[in-house]
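# Secondary and tertiary structure notes
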Amino acid sequence: MAIKIPIPRRLLAVTLGASLLVSGIGLAKGNAPLFHPRFTWNQPGPLSAVVHPGSAQLAGMRQEPLDQIDEVIEQAIAEGALPGAVVLVARKGSIVKHEAYGRAVQYADDIFTPAEELLDMQKDTIFDLASVSKVITSTAVLKLYEEGKFQLDDPVAKYIPEFGENGKTTVTIQQLLTHTSGLPASIPLYQRGASREERIQIALKIPLSNPPGKAYTYSDMNMMILGALVERLAGKGLDEYVKETITDPLGMKDTMYNPPAELKPRIAATEYQPWTGRGMVWGEVHDENAWSLDGVAGHAGVFSTAHDLAIFSHMMLNDGKYGGTRILKPETVKLLTENQIPQFPQNGHGLGYEVQLGWYMDALSDPRTYGHTGYTGTSLVVSPNNETVVILLTNRVHPSRNTISTNFTRREVARLAADAIPVTISGKEGAWFSGYGDQIENILQAEVPGGETVTLSFDTWYQIQTTDDAGYIEVSSDEKTWSLIFPCLNGGSGGWTTLQVELPKGAKWVRFRYKTDTQYSGNGRGWYIQNVKMNSDGETVQPVMTSDTWEIRKD
């Protein structure tokens, strides 16, 4: 049934049709499938119990974008953004890409003197996860929550009395988990105190920078306090509790704090740090504050491999269960991964994970996507809607943190992983696709036939980043001045939709314009258009579409 929506200037009416694709096959009859045709965007199919080697075809993914990830990493290495990396992409538990690039150890100092013994990156290289450690800490905290050790709205000072000093008596555990406690981002703890115990006490007693609950401040201090909370409530070290309740039950044999010396040849080096007296940091935690806490802290300190992180992420995708082992209850997974602070719309955060941050999740980002990044060059993106995990581990601070940002690389890897998940497209002709990019303006155009009344109709699918990106439908009489004839499209279409627009008299050209903003908000999955028709005085024609930037896709 057509739904009429009034639009100013009497220029259009819109018909939101049912989905074009009843079968969801997306391939013309007789065409050989390049991927499993049912497992398209937001239709991933059944999730396996564990991660396992797989193929793009069986996971319902396109191979070409996955192959292009190699070029992105190799370019980043060539530009000096990072010495090496490991990438892992999995969908439905099927590992479709797991590759190592470049060097785990390349330099001897911060003036880029080559190391005496170069060490190539391997698929099982162990990385300092930096702030990705925070999701492990948060999981440990929520394990204690499941055990009934506390309530989320309990004041932290109820369990750590000294934390209540300096006006912090009302700060809750949930505020620590969502970075809304009011604590400052960090302090140079490694320059203070003489022992781990003294430094933890210093951290516990620091004053607030903001009133609790009034501001979002991403803070290492929140997670340090949570690490101390785990130790108080569990009666053992954070490292011991994580090992006993998370990593050992999951079989994450390469995940640990303070890796033993015999594993050093498998570990990626990080930064040359003369200011800490450590020289080249290799085999121990990079973060100075975590190092001063004997390598065990809530904000940093975990070492792991891409495969182990895939296991952990798959457990989260599978509602807290991996194989026959349950780590978390499904409702606890929701607390960790669903946005708990909608009052801070630019800083989505669960009780552990960041939520819908396009600056590194890019085309995988939607309201359910969660992940985290780490200062050493690590990142993790999980898309529940597509049952997809994207892991990028790099040693970008080797030999110095003063190098090119890896954010472009993070976005590109996530974008290509998203692009590998096809959109269902009917018919052998395919559909026009808008493409991706930062600050682009891609145009698809057609000439309007003459007639007293001309109606444009087309089928469309889109997932466009909601902040500043948009799709525009515009007309012109001279190809110089263009007028918008339809509300800007952004967000998600919810599947294929039919739109119908009555064109104004005098319109000689119509165009679809896809415009994106800066790199910091990322791209959405894009805009697809097919089956474009114009009805002129009762006669229907298919216009010739032209574009230098849109492309025809069949998946």
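Since the structure is predicted, the reported quantities are computational estimates derived from the model, not experimental observations.

Rules behind the numbers
- Residues numbered from 1 in each chain as written.
- Predicted model: local features only at pLDDT ≥ 70, side-chain atom pairs only at ≥ 80, totals over all residues.
- Heavy atoms only, no water.
- Patch = residues over 30% accessible without salt bridge, like charges linked within 9 Å, V, L, I, M, F, W, Y side chains within 5 Å.
- Areas by Shrake-Rupley, 256 points an atom, 1.4 Å probe, with all protein chains shown as cover.
- Salt bridge = Lys/Arg side-chain N within 4 Å of Asp/Glu carboxyl O.
- Lys, Arg positive; Asp, Glu negative; His and termini not counted.
- Charge placed at Lys NZ, Arg CZ, Asp CG, Glu CD.
- Helix = DSSP H or I, 4+ residues; strand = E, 2+ residues; numbered from the N terminus.
- Core = buried A, V, L, I, M, F, W, Y, C linked by side-chain atoms within 4.5 Å.
- Buried < 20%, exposed > 50% of the residue type's maximum accessible area, 1.4 Å probe, protein only.
- Contact = heavy atoms within 4.5 Å.
- 1 Å grid on protein atoms, 1.4 Å probe; cavity = no way out; pocket = protein on both sides within 12 Å on 5 of 7 lines; lining within 4 Å.
- Points joined across faces, edges and corners; volume = space filled by probe spheres on them.
- Nonpolar A, V, L, I, M, F, W, Y, C, P; charged D, E, K, R; others polar.
- Axes fitted to C-alpha atoms, helices over the stretch in contact; angles between N-to-C directions.
- Parallel < 35°, antiparallel > 145°, perpendicular 65-115°, else oblique.
- Left-handed = near helix turned anticlockwise from the far one by under 90°.
- Phe/Tyr/Trp six-rings, centres within 6.5 Å; stacked < 30°, edge-to-face > 60°.
- Expected span 1.5 Å × (residues − 1).
- Pairing = 2+ DSSP bridges.
- Polar contact = N/O pair within 3.5 Å; in protein donor to acceptor, adjacent residues only side chain to side chain.
- pLDDT = per-residue confidence, 0-100.

### Description of a negative patch on the surface
A grouping of Glu64, Asp67, Glu71, Glu74 and Glu99 is seen on the molecular surface, where their side chains present a negatively charged patch. The element best represented in the negative patch is helix H1 (residues 63-78), accounting for four residues. Relative to the assigned elements, Glu74 resides in helix H1.

### As for the nonpolar core
By size, the foremost hydrophobic cluster in this structure holds 85 residues, and its most contacted members are Phe163, Ile173, Leu250, Phe312, Met316 and Ile391. Here this core gets nine residues from one element, more than from any other, and that element is helix H5 (residues 220-234). Filtering out sequence-adjacent residues up to four positions away, Ile173 remains in contact with Val141, Phe150, Gln151, Leu152, Asp154, Val156, Tyr159, Leu226 and Leu229.

### Side note on the layout of surface pockets
Taken as a whole, the largest pocket encloses approximately 670 Å³ of empty space. If you go around the largest pocket, you meet 30 residues; those closest to its centre are Gln356, Leu357, Gly358, Ser365 and Thr467. Residue assignment for the lining of the largest pocket shows that the elements contributing at least two residues are strand E12 (354-355), helix H10 (358-361), strand E18 (454-464) and strand E21 (491-492). Across the lining of the largest pocket, the residue classes tally to nine nonpolar, 16 polar and five charged.

### Topic: the packing of helix H4 (residues 196-204) against H5
Taken N-terminus to C-terminus, the directions of H4 and H5 make an angle of 120 degrees; their axes are 10 Å apart at the nearest point. Classified by the angle between their axes, H4 and H5 sit oblique to one another. Judged by the sense of rotation from one axis to the other, the crossing of H4 with H5 is left-handed. The segment H4 lies against H5, with Arg196, Ile200, Gln201, Ala203 and Leu204 engaging Met221, Met224, Ile225, Ala228, Glu231 and Arg232. Counted by class, the contact of H4 with H5 contains seven nonpolar, one polar and three charged residues.

### A few points about the pattern of salt bridges
Per the stated rule, a full pass over the model turns up 25 salt bridges. The salt bridge partner of Asp124 is Arg266, with a shortest N-O separation of 3.7 Å. Within this pair, whereas Asp124 is found in the loop between strand E4 (114-120) and strand E5 (127-128), its partner Arg266 is found in the loop between strand E6 (256-257) and strand E7 (272-273), the two being separated by 142 residues in sequence. In this structure, the salt-bridge partner of Glu284 is Arg278, at a minimum N-O distance of 3.0 Å.

### Focus: the packing of aromatic side chains
A full pass over the atoms with the stated rule returns 11 aromatic pairs. Seen from their ring centres, Phe458 and Phe512 are 4.9 Å apart, and the 75 degrees between their planes marks the pair as edge-to-face. Residue Phe458 is located in strand E18, and its partner Phe512 is located in strand E23 (residues 509-515); the two are separated by 54 residues in the primary sequence. Overall, the relative accessible area of 1% leaves Phe458 in the buried class. The exposure class assigned to Phe512 is buried, which follows from its relative accessible area of 0%.

### Re helix H8 (residues 306-317)
With 12 residues, H8 extends 16 Å between its outermost C-alpha atoms, agreeing within 8% with the 16 Å of an ideal straight helix rising 1.5 Å per residue. Looking only at H8, the buried set comprises Ala306, Asp308, Leu309, Ala310, Ile311, Phe312, Ser313, His314, Met315, Met316 and Leu317. At the C-terminal side of H8, Asp319 shows a positive phi close to 60 degrees.

### Concerning the packing of helix H2 (residues 133-146) against helix H6 (residues 238-250)
Where H2 meets H6, the axes come as close as 10 Å, and the angle between the chain directions of the two elements is 75 degrees. In terms of orientation, H2 and H6 fall into the roughly perpendicular class. Facing H2, whose interface residues are Ile136, Thr137, Thr139, Ala140, Lys143 and Leu144, H6 presents Leu238, Tyr241, Val242, Thr245 and Ile246.

### Quick notes on the sheet that holds E5
The sheet built from three strands is open, its strands ordered E5-E9-E6 with antiparallel pairing. In this open sheet, the two edge strands, each paired with only one partner strand, are E5 and E6. Looking at chain direction, E6 and strand E9 (residues 302-304) are connected through two bridges and run antiparallel. Counterpart to Met256 in the pairing with E9 is Phe303.

### As for the sheet that holds strand E20 (residues 483-484)
Strands pair in a sheet through their backbones, by hydrogen bonds, and they do so in one of two ways: parallel or antiparallel. Sheet architecture is open: four strands sit in the order E17-E23-E19-E20, paired in antiparallel fashion. Each edge of the open sheet is held by one strand with a lone partner, namely strand E17 (441-447) and E20.

### Quick look at the side chain of Glu271
Along the chain, Glu271 falls in the loop between E6 and E7. Separated by 2.7 Å, the side chains of Glu271 and His286 make a polar contact. At 2.8 Å, the side chain of Glu271 and the side chain of Arg401 are in polar contact. With residues up to four places along the chain from it excluded, the contact list for Glu271 reads Gly279, Met280, Val281, His286, Val397, Pro399, Ser400 and Arg401.

### Some remarks on the confidence of the model for the protein chain
On average, residues of the protein chain score 92 in pLDDT, and 93% of them reach the 70 mark or higher. Across residues 1-33, where pLDDT falls below 50, the model places 58 contacts with residues more than four positions away in sequence or in other chains.

### With respect to the pairing of strand E3 (residues 94-107)
Pairing analysis gives two bridges linking strand E1 (residues 52-53) to E3, with the strands arranged parallel. Bridge pairing links His52 to Ser94 in E3. Hairpin connection, strand E2 (residues 84-91) to E3: the antiparallel pair is bridged by two residues, and Lys92 has positive phi, about 60 degrees. The pairing of E3 with E4 spans three bridges and is antiparallel. Bridge pairing in E4 places Tyr107 opposite Pro114. From the end of E3 to the start of E4, which pair antiparallel, there are six residues, and Phe112 there has a positive phi angle of about 65 degrees.

### Notes on the environment of Thr540
Relative to the helices and strands, Thr540 resides in strand E25 (residues 539-541). Thr540 gets classed as partly exposed once you look at its relative accessible area, which sits at 47%. Between the C-alpha atom of Thr540 and that of His372, which follows or precedes it by 168 residues, the distance is 51 Å. Sequence-distant contacts of Thr540, that is, excluding residues within four places in its chain, are made with Lys533, Met534 and Asn535. At a separation of 3.0 Å, a polar atom in the side chain of Thr540 contacts the side chain of Asn535.

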